[in-house]
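# Working through the structure, step by step
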Amino acid sequence: MSTTSEATPPTEPEPDGDHDDHAFFGQPRGLLTLSGLEVWERFSFLGMQAILVLYFADKVANGGMGMDPGTAASVSAAYGTLVYLVSVGGGWLADRILGSYRAVLWGGILIACGHYAMAVPTDAMTWVGLGLISAGTGLLKPNVASMVGKLYRTEDERRDAGFALYYMGINIGAFLGPLITGWLGDHRGWHWGFSAAAIGMTFGLVQYVAGRRHLAGRKASAEYALPRDAMRRAVIWMAAGAAGFAVLAGLLAAVGWLTMGRFVDLLTLISVIAPVVYFAVMFKSPRVSGEERGRLRPYVVLFLASVAFNFILFQAYSTMMLLAASNARSDILGFDFPASWYASALGAFEVLLAPVVAGLWVKMGRRQPHASNKIAYGVILGGLSFMLMALPTSGHDSDTFKMAAWWIVGSYLLLGLGDILVETSGMSATTKLAPQAFASQTMALWFLSLALANGIQAQVVKLYDDVSHPMYFGVNGAIAVAVGVAVIAAAPWLRRTMHPVH
């Protein structure tokens, strides 16, 4: 699959929506539809992920899969790696074959089918479901974010605030999902929690189709569609490749070579190679102008900053969940709750803080910090959230200690604010820095930073059972802080080279 193939431009201009629309809190109405979709997509995805590592690590007698904690965290991270690796294909399919609207629609359908599969209480259906969710999320995530970017002109100062509101919608789902799935998983069984995720994604699809008239990029054809013959060949090659991969993987697993550990290692290797190759293709593409190529260089720095932050963030659903389940009190002010509810604290803080951040950027206008500094501050906050956890885990003679719930809540407060700064500024900058011919694919490249973060996490979390908790959280947090400081040091160069990003 070549990303440098000649594409046929659309015969009619792409509808950009009404850029002067201020109907939704001063933002375009299409933002409401896309935010609503993300509420339910994140409800299903993060609701499932909040209980996934606990399901992997739970005893078989309790309905779990009986993995040890380090393996459970590693497999959970590998699933996240696969989700975001597939996003590259999702961006390409939207640009060249499906178009953004249909890519998001089919992605949502696959996600819903995956969650329904996971509701079936067998190990085989769990793996089938995770595969479908990975494919669907890879179609949906890069393209829905690109559709948000299309609601605004490049110079529209509402863009960062719009992405902050969009991200607030994401985190309403991130807040509600673990509450529902966590309670069901704890009281009725893990597969009941997966069922709730399936229903949530179905609701998201319904409201997405109902609000499609307000969306830019809703046309049926792809914006840079391949010629008909090339499109037919591409579909045949993709279908043959998928079938061949499935057969090869099945044979290798049958003879005992493709173990779970080797599969995790393979995904990590791909997560390292893929962004290197993708950056090389974009830098060398004849369809990328010299000016656009110049803007890709600072984007590499933002990419690495995203990797450092998301390496910390994604552990909110792996090592932090395991720590909460084993070493944190599950009661606040006399109220008992499932350990998975801690994940809702992250979403709650982002729901509360996102409008504050959005309002602050609107009020400051051109006086607001440069996008690179916003991202750097977020990375530092993420590192501090981990360094904080070194304090309550220190000085214990055994692993049976119990820390107060407020330690994890405080860590998630720092992490939530950092997430708002990194993801909203990162996604907004991506839509501005993207070469025109790689619009959806450049957003997919941002998600490759999430794949790489998960790929690294899949290896590092194997140490969770082998080193002390203070060392694990302290060292990883300090590395993230160092990356954030380095981005701040590079700010003068980034400001010069990231025009039109302010």
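Rules used in this analysis
- Residues numbered from 1 in each chain as written.
- Predicted model: local features only at pLDDT ≥ 70, side-chain atom pairs only at ≥ 80, totals over all residues.
- Heavy atoms only, no water.
- Core = buried A, V, L, I, M, F, W, Y, C linked by side-chain atoms within 4.5 Å.
- Buried < 20%, exposed > 50% of the residue type's maximum accessible area, 1.4 Å probe, protein only.
- Helix = DSSP H or I, 4+ residues; strand = E, 2+ residues; numbered from the N terminus.
- Axes fitted to C-alpha atoms, helices over the stretch in contact; angles between N-to-C directions.
- Left-handed = near helix turned anticlockwise from the far one by under 90°.
- Contact = heavy atoms within 4.5 Å.
- Nonpolar A, V, L, I, M, F, W, Y, C, P; charged D, E, K, R; others polar.
- pLDDT = per-residue confidence, 0-100.
- Salt bridge = Lys/Arg side-chain N within 4 Å of Asp/Glu carboxyl O.
- Expected span 1.5 Å × (residues − 1).
- Bend = angle between axes of the 7 residues up to and from the residue.

## Re the nonpolar core
- The biggest cluster of nonpolar side chains holds 122 residues, and the ones touching the most others in it are Met48, Phe56, Tyr166, Tyr208, Tyr342, Ile408 and Tyr412.
- Among the elements that line this core, the one with the most residues is helix H1 (residues 30-57), at 13 residues.
- Within the second largest apolar cluster, 10 residues are counted, among which are Trp92, Ala94, Leu98 and Ala230.

## Re the packing of H1 against helix H3 (residues 100-118)
- Two elements in contact, H1 and H3, have axes whose closest approach is 12 Å; the angle formed by their N-to-C orientations is 35°. Both H1 and H3 take part in a crossing whose hand is left-handed. Contacts between H1 and H3 involve Leu37, Glu41, Ser44, Phe45, Met48 and Leu52 from the former and Val104, Ile111, His115 and Met118 from the latter.
- When its residues are assigned to classes, the contact of H1 with H3 shows seven nonpolar, two polar and one charged.

## Considering the confidence of the model for the chain
- Averaged over all residues, the pLDDT of the chain is 82; the fraction at 70 or higher stands at 88%.
- Confidence, expressed as mean pLDDT per element, reaches its minimum in the chain at strand E1 (residues 331-332) with 75 and its maximum at helix H15 (residues 469-489) with 94.
- In the predicted structure, residues 1-17 sits below a pLDDT of 50 and forms 43 contacts with residues beyond four places in sequence or in another chain.

## Some remarks on the pattern of salt bridges
- A complete count under the given rule lists three salt bridges for this structure.
- In this structure, Glu38 and Lys141 form a salt bridge, with 3.1 Å as the shortest nitrogen-oxygen distance. A residue pair is termed long-range when its members are at least 10 positions apart, and Glu38 in helix H1 and Lys141 in helix H4 (residues 123-149) qualify at 103 residues.
- Using a relative accessible area of 0% as the deciding quantity, one classes Glu38 as buried.
- Two residues, Lys462 and Asp265, come together in a salt bridge whose shortest N-O distance is 3.0 Å. Of this pair, Lys462 sits in the loop between helix H14 (439-460) and H15 while Asp265 sits in helix H8 (residues 260-284), and the two are 197 residues apart along the sequence.

## Section: H1
- In this model, H1 (28 residues) spans 41 Å end to end at C-alpha, consistent with the 40 Å of a helix rising 1.5 Å per residue.
- At Ile51, H1 shows its maximal bend, which comes to roughly 30°.
- Counting buried positions over the 28 residues of H1 gives 25, a clear majority of the element.

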